[in-house]
Protein chains: 2
Amino acid sequence: MSCLETLKENGLKLTPQRRLIADYFHDSGSHLTAEEIIAHVHEKMPGVNKSTIYRNLDIFESIGCVLKSESGNHVIYHHTEEGHHHHLVCIKCGKNVDCDEMLFWPVEKTLRDKYAFRVDFKHQVINGLCENCGKQP
Amino acid sequence: MSCLETLKENGLKLTPQRRLIADYFHDSGSHLTAEEIIAHVHEKMPGVNKSTIYRNLDIFESIGCVLKSESGNHVIYHHTEEGHHHHLVCIKCGKNVDCDEMLFWPVEKTLRDKYAFRVDFKHQVINGLCENCGKQP
DNA sequence: ATCGTTATTGCACCCAGTTGCAATTATACA
DNA sequence: TGTATAATTGCAACTGGGTGCAATAACGAT
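Because the structure is predicted, anything quoted here is derived from the model rather than measured.

Some points on the pattern of salt bridges
All names here are of chain A. Throughout the structure, instances matching the rule amount to six salt bridges over all chains. Across the pair Lys68 and Asp58 runs a salt bridge whose closest N-O atoms are separated by 3.1 Å. Of this pair, Lys68 sits in strand E2 (residues 66-71) while Asp58 sits in helix H4 (residues 50-62), placing them ten residues apart in sequence. Across the salt bridge formed by Lys109 and Asp113, the nearest N and O atoms sit 2.6 Å from each other. One end of the pair, Lys109, and the other, Asp113, are both in helix H5 (residues 105-115), four residues apart, so they sit about a helical turn from each other.

Concerning the environment of Ser28(A)
With respect to the helices, strands and loops of the structure, Ser28(A) is situated in the loop between helix H2 (16-27) and strand E1 (31-33). A polar side-chain atom of Ser28(A) sits 2.8 Å from the main-chain carbonyl oxygen of Tyr24(A).

Observations concerning the relation of the copies chain A and chain B
By a simple turn and slide, chain A fits onto chain B: the slide is 0.0 Å along the axis, the RMSD is 0.2 Å, and the turn is 179°. Read as a symmetry element, the transformation amounts to a two-fold axis. Interface overlap between copies: 100% of the residues of chain A at the interface are likewise at the interface in chain B, consistent with a symmetric, same-surface contact.

Some words on the domain arrangement of chain A
Residue and element names in this part refer to chain A. According to the domain assignment, chain A consists of domain 1 (3-81) and domain 2 (86-135). A separation of 25 Å is found between the C-alpha centroids of domain 1 and domain 2. Tallying the contact residues gives seven residues for domain 1 and five residues for domain 2. At the boundary of domain 1 with domain 2, the tally comes to zero salt bridges. Sorting elements by how many residues they give to the side of domain 1 that touches domain 2 places E2 first, with four residues.

Brief notes about the protein's contact with DNA strand C
Surveying the vicinity of DNA strand C reveals 22 residues, the closest of which are Leu14(A), Tyr54(A), Lys13(B), Thr15(B) and Arg18(B). Each atom of DNA strand C within 4 Å of the protein was assigned to sugar, phosphate or base; sugar and phosphate come to 59%. The separation between a base oxygen of DNA strand C and a polar side-chain atom of Arg55(A) is 3.2 Å. Between DNA strand C and the protein, one listed contact pairs a phosphate oxygen with a side-chain N or O atom of Arg18(B) at 2.3 Å. Put simply, the parts of the chain that give the surface near DNA strand C at least two residues each are H4 of chain A together with helix H2 (16-27) and helix H4 (50-62) of chain B. In terms of residue class, the surface near DNA strand C is built from seven nonpolar, seven polar and eight charged.

Side note on the interface of chain A and chain B
Taken together, the contact between chain A and chain B spans 27 residues of the former and 27 residues of the latter. Where chain A abuts chain B, roughly 2200 Å² becomes buried across the two surfaces, and 71% of that area is made up of carbon and sulfur atoms. Sorting the residues of chain A by area buried against chain B places Tyr115(A), Phe117(A) and Arg118(A) first, and these three jointly supply 26% of that buried surface. Summed over the shared surface of chain A and chain B, the result is zero salt bridges. Applying the counting criterion to the chain A and chain B interface returns eight residue pairs in polar contact (both at pLDDT 80 or more). Elements supplying a minimum of two residues to the side of chain A that touches chain B: strand E4 (86-90), strand E5 (96-99), H5, strand E6 (125-128) and helix H6 (131-135) of chain A. Among the residues forming the side of chain A that touches chain B, the class breakdown is 17 nonpolar, five polar and five charged.

Remarks on helix H5 (residues 105-115) of chain B
One turn of an α-helix holds 3.6 residues; hence residues three or four places apart share an orientation. Along H5(B), the residues that are buried comprise Val107(B), Glu108(B) and Leu111(B). Here the buried residues of H5(B) occupy an arc of 100° about the axis, which is enough to place them on one side. Exposed side of H5(B), more than 90 degrees from the buried face: Asp113(B) and Lys114(B) are the residues found there. Taken together, the buried residues of H5(B) touch E4, E5, H5 and E6 of chain A. Looking one or two residues beyond H5(B), the residue adopting positive phi is Ala116(B), at roughly 50°.

Considerations on the protein's contact with DNA strand D
Within the structure, DNA strand D sits among 22 residues, and Lys13(A), Thr15(A), Arg18(A), Thr52(A) and Tyr54(B) are positioned closest to it. In the interface set of DNA strand D, defined as its atoms within 4 Å of the protein, sugar plus phosphate atoms amount to 60%. Thr15(A) is positioned such that a nitrogen or oxygen atom in its side chain is 2.7 Å from a phosphate oxygen of DNA strand D. Here Leu14(B) contributes a backbone N or O atom positioned 3.0 Å from a phosphate oxygen of DNA strand D. Elements that contribute at least two residues to the surface near DNA strand D include exactly H2 and H4 of chain A together with H4 of chain B. Considered class by class, the residues forming the surface near DNA strand D number seven nonpolar, seven polar and eight charged.

Each value, and the rule that gives it
Residues numbered from 1 in each chain as written. Chains lettered and ligands numbered in written order. Predicted model: local features only at pLDDT ≥ 70, side-chain atom pairs only at ≥ 80, totals over all residues. Heavy atoms only, no water. Salt bridge = Lys/Arg side-chain N within 4 Å of Asp/Glu carboxyl O. Helix = DSSP H or I, 4+ residues; strand = E, 2+ residues; numbered from the N terminus. Polar contact = N/O pair within 3.5 Å; in protein donor to acceptor, adjacent residues only side chain to side chain. Least-squares fit on C-alpha atoms with pLDDT ≥ 70 in both. Contact = heavy atoms within 4.5 Å. Domains from an automatic or database assignment. Near = heavy atom within 4 Å. Nonpolar A, V, L, I, M, F, W, Y, C, P; charged D, E, K, R; others polar. Buried area = accessible area lost by both parts, 1.4 Å probe. Buried < 20%, exposed > 50% of the residue type's maximum accessible area, 1.4 Å probe, protein only. Arc of directions from axis to C-beta.

Printed below as a string of structure tokens:
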């Protein structure tokens, strides 16, 4: 189901600004930073205020169209239609590798069983050292 | 070994501002937000600039005296002498429970074995639903 | 105790993201 | 097609955190 339909289902209005953001997610892969989204929207519709964009990204997140993950310095938005997975980002060389979504299942299970605490790890960004960079001191 | 000694060992100077921050960590438990630290420093030494405080917190982190964890909206600093663990924070009621440090060991192992990726999960802040809040819809 | 070096501070300004509020606009309905 | 109304936008100002740079201060050597 498209993001725009989901908006309507939640009683939200379909504004040109929202259409622009949703189209961008559909057209250009799954991972977009706030910067990229703002740049794209401004290119197509120069007057749009950044707060409108941030507010709409939050709304798309709250209706489940988009996942927001924090990667230390910046924020990444991930179109949920692309499926779930995690990211391994090397803090030295910046290499970015996708990682199976079941990585955190044992953690989720432990938290559920031992702490009665419910967590759903979706689209985490994990910083560490890749094979090459891990060898060097 | 005290933070102040560690400073010297790393060729860093022992300024009154640093002494104030280090003392605060020693005196008042392990978990402090940037806000709390700034408030405390300002109380004791009103003129200190916030950038001085942030820079010193980064330095204490880089020499291993303090761990910095990001919890979505704010940043938490944790005095490393208190031992390692993680935090479960309920997104509904805000309840905060400590959690064993070995929680992420299986994840670290998988990343090492399958992805040759090295990560050290230290003092994570995990947002989810606690037992009570998980029951209610 | 003084001095020179080098780290550190304060300042002023930047940046991404957020918020309250008045003006605007998408939509349901007549 | 026009209108009422609630959602949305743009604005302006704010927030937490960070940065480059000149002035200052800690500290080892004399």
